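Residues per chain are reported as follows:
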Amino acid sequence: MPAYTSEHITLLGARIHLRRAGKGPPLLFLHGAGGVNVWFPVFEKLAQSFELIVPDHPGFGDSDTPPWLRNIGDAAYYYLELIEALKLAKPHVMGTSLGGWMAAEAAVRDSGAFGRLTLVAPAGLRVVGVPSGDPFLWSHEEHVRALYHDQAIAERALAAPVPPELADIQIKNRFAFARLAWQPRLFNPDLERWLHRIKAPVQIIWGNDDKLLPVAYAQAWMKQLPKARLLPIANCGHLPHVERPDEVVNAVNSFAREAQP
Amino acid sequence: MKFYAFHLMPYRHLDMAEANKYRSYWSVLPNRLYDPAKGADLYQEYIDQLVLAAKLGYDGVCVNEHHQTAYGLMPAPNLIASILIDRTRGMATKIPIIGRALPLLNNPLTVAEEYAMLDNLSHGRVVAGFVRGIGCEYHASGTNPIYSHERFHEAHDLIIRAWTEPGPFEYEGEHYNFRYVNTWPRTVQRPHPPVWIPSQGSAETIDWASAPERKYPFIITFSPIDSVIRFHDLYKQAARQQGYEAKGEQLGWAVPVYVAETDEIAIREATPHIEALFNNYLYMPLEMVLPPGYTSIKSMKAIIANKKGMTTTKQTMKDILEKGTFVVGSPATVRAKIEEAHARSGLKVMVPMVQFGTLPDAMTRKSIELFAKEVMPKVRGLGEGAAVKSAAE
């Protein structure tokens, strides 16, 4: 039995790929700039407690690149439309990196749309004096190495064969990532002014050895969202859901349980 | 055939051993490696070289734009063009700026204005080059490369309208919006200065530049000679498909050139300097030279698959000679190479880059002079009065 089901829906003229797994309250997962190239172990674990919905963003993976996708705000409005189209009532949304940025941009535009927000090392803010890493300048190897604390994971990722279909998707994802995040590099200067509009409970998860978005960025989020809960993860890079899935799943589960009456 | 001396004005005094510790001579190369005392003298040296070329009878002297790099010290090429205009006052020398990188600009009207000023200052000797900039310049400027083509075309259209339509008028575009477009001064050349499109030969650019309403000369830069010929053939085919025959005046070849007394001397003298150009000054890793969107996804896949792109691979003088990315030798050899290129494509616009990499002043001046005296007069008549050779022949 496959770990997930795969389908395409058409929304705003764009054919969008999404995967689903598990049963339970819905959890909408918004992926990072690398896309969902494999069914991560974290998905298996989350699917034990949630109806997990994992779309490829417009422009990424097996989704179309619609002409209306011009900037991060377009991605934000698109996700508000998707939540309506999928009839998700105030879902728990979990976004990592670029996906966390999209989730926050959507939440400030419609503060009532989300039930809870789990943001894993989200992009979107700047910290003056602490530049982010530059995934557009790094070589592929530098980029992969910078994503992980545990370099053994990076070694395995670099050694893994890349079939041609995946290579094509990696280029497509990189183009879509640049479309949304090239300038300003990985942030929207307007976002911090409006983060206070987020009314849903927020949990922020951050690897203490994040070389792309250093942990100082977590403090910037906490400053704008003082009621949020911050979970730092020791010995972990930019992808806690890949590098430390058990801790992330536990955090998501316990955060979700707080919503139960 | 016409000859336009071209200069990048590189920082040739660079401590290359130190510079080679960085991933490229572009954007990430610390500017502490630039010594203003040496650089100030270099500007004078390079301007004098171009003025020498003008006096020796080159049809034009060309400048161009690059940013944050030792490869070329002209982030504002119009400043140098303005000096060259005055230093060639009363002469017929054309001043091609090849070119301004339009997508990098937030206000393309500044180019309409500055080129119009230069056209007035020169009494109509300016050639307006338009380019998209090198991939790395999207890092340098922050411009999103995804929108490179859109911004290029929009800025181009806006500038041409600013030169040709009575102002004031409004302009509403996707990237640029102006309530008032009303360029003062107007250009001397009517309807506007000639436009050149330097390119490395993308199919989209060939179709666009060759369109009957533009017929822009297409200057193939830094490409192996077989590619130059192939792109010229594609341009001629595109013109024919659009209902006309391209002329040799529309076909340009920009290439480093070095002439010395004999082939042996020329190759010996040029080798370290041309290798410095291709392997050091021009070297950029893929992430810098091809940011996402600078090319289409399809072209990007092809480039990665072929691992081609000369800016990402090191080459020796032997490779450079085999590819024909450099024209070097005695006057007779250089003449023969130009005659051969002309015979193959019918090109009539030759843009010799007279200085390259670390080439010192004395060698540069010698080569400029030998080319003017021993090469140009014997090849100038090529193609005059003759029809362009058909690509199908």
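Attention shifts here to the pattern of salt bridges. For the coordinates displayed, the defined rule picks out 37 salt bridges over all chains. Here D134 of chain A makes a salt bridge to R185 of chain A, at a shortest N to O gap of 2.7 Å. Here the residue D134 of chain A occupies a position in the loop between β6 (116–120) and α4 (140–147), and R185 of chain A occupies one in the loop between α6 (164–181) and α7 (191–194), the gap between them amounting to 51 residues. The exposure class of R185 of chain A is buried, given its relative accessible area of 17%. Residues K373 of chain B and E369 of chain B are paired through a salt bridge, measuring 2.7 Å at the closest nitrogen-oxygen approach. Of this pair, K373 of chain B and E369 of chain B both sit in helix α14 (residues 361–379), four residues apart, which is roughly one turn of that helix.

All names here are of chain B. With 13 residues, helix α4 (residues 109–121) extends 18 Å from end C-alpha to end C-alpha; this agrees with the ideal 18 Å at 1.5 Å per step. Among the residues of α4, those classed as buried are L109, V111, A112, Y115, A116, L118 and D119. Of the residues trailing α4, H123 is marked for its positive phi of about 55 degrees.

Turning next to the confidence of the model for chain B. Residues and elements named next belong to chain B. Scored by pLDDT, chain B has a mean of 94; 96% of the residues are at 70 or more. Counted against residues more than four places away or in other chains, residues 386–393, with its pLDDT under 50, gives 15 contacts. As scored by the predictor, the complex reaches a pTM of 0.95 and an ipTM of 0.95.

With that out of the way, let us pick up the packing of helix α3 (residues 77–87) of chain B against α4 of chain B. The geometry of a pair of packed helices is captured by two quantities: the angle between their axes and the separation between those axes. Residue and element names in this part refer to chain B. Remark: α3 packs on α4, axes separated minimally by 10 Å, with the N-to-C direction vectors making an angle of 10 degrees. On the basis of their axis angle, the class for α3 and α4 is roughly parallel. Taking contact as the criterion, the partners of N78, A81, S82 and I85 in α3 are, on α4, E114, Y115, L118 and L121. Residues belonging to the contact of α3 with α4 are distributed by class as follows: five nonpolar, two polar and one charged.

Moving on: the interface of chain A and chain B. Tallying the contact residues gives 19 residues for chain A and 24 residues for chain B. Taken together, the two surfaces of chain A and chain B that pack against each other cover about 1800 Å², and 62% of this comes from carbon and sulfur. Looking only at chain A, the three residues that lose the most surface to chain B are R70, F175 and W182 of chain A, adding up to 41% of its buried area. D168 of chain A is the partner of K301 of chain B in a salt bridge, and the nearest nitrogen-oxygen pair spans 3.5 Å. The tally of links from chain A across to chain B stands at 10 residue pairs in polar contact (both at pLDDT 80 or more). Broken down by secondary-structure element, the contributors of at least two residues to the side of chain A that touches chain B are α4 and α6 of chain A. No other element matches α6 of chain A, which puts seven residues into the side of chain A that touches chain B. Here the residues of the side of chain A that touches chain B are counted per class, giving eight nonpolar, three polar and eight charged.

Among the structural elements, H140 of chain A can be located in helix α4. In sequence terms H140 of chain A and L158 of chain A are 18 residues apart; their C-alpha atoms lie 8.8 Å from each other. Setting aside anything within four residues of it in sequence, one finds H140 of chain A in contact with L158 of chain A together with E287 of chain B.

Attention now goes to the sheet that holds strand β2 (residues 14–21) of chain A. Residue and element names in this part refer to chain A. The strand order across the open sheet formed by eight strands is β1-β2-β4-β3-β5-β6-β7-β8, and the pairing between neighbours is mixed. Looking at which strands have only one partner, the edges of the open sheet turn out to be β1 (5–11) and β8 (229–233). Adjacent strand axes in the sheet meet at a mean angle of 20 degrees, parallel and antiparallel pairs treated alike. The sheet contact formed by β2 and strand β4 (residues 51–55) spans four bridges and is antiparallel. Looking across to β4, one finds that R19 is bridged to V54. Strands β1, β2, β3 (26–30) and β4 of the sheet are contacted by helix α2 (residues 72–85), whose axis makes an angle of about 110 degrees with β1. Helix α8 (residues 216–224) rests against β6, β7 (202–207) and β8 of the sheet, and its axis sits at about 170 degrees to β7.

What counts, and at which threshold
- Residues numbered from 1 in each chain as written.
- Chains lettered and ligands numbered in written order.
- Predicted model: local features only at pLDDT ≥ 70, side-chain atom pairs only at ≥ 80, totals over all residues.
- Heavy atoms only, no water.
- Salt bridge = Lys/Arg side-chain N within 4 Å of Asp/Glu carboxyl O.
- Helix = DSSP H or I, 4+ residues; strand = E, 2+ residues; numbered from the N terminus.
- Buried < 20%, exposed > 50% of the residue type's maximum accessible area, 1.4 Å probe, protein only.
- Expected span 1.5 Å × (residues − 1).
- pLDDT = per-residue confidence, 0-100.
- Contact = heavy atoms within 4.5 Å.
- Axes fitted to C-alpha atoms, helices over the stretch in contact; angles between N-to-C directions.
- Parallel < 35°, antiparallel > 145°, perpendicular 65-115°, else oblique.
- Nonpolar A, V, L, I, M, F, W, Y, C, P; charged D, E, K, R; others polar.
- Buried area = accessible area lost by both parts, 1.4 Å probe.
- Polar contact = N/O pair within 3.5 Å; in protein donor to acceptor, adjacent residues only side chain to side chain.
- Pairing = 2+ DSSP bridges.

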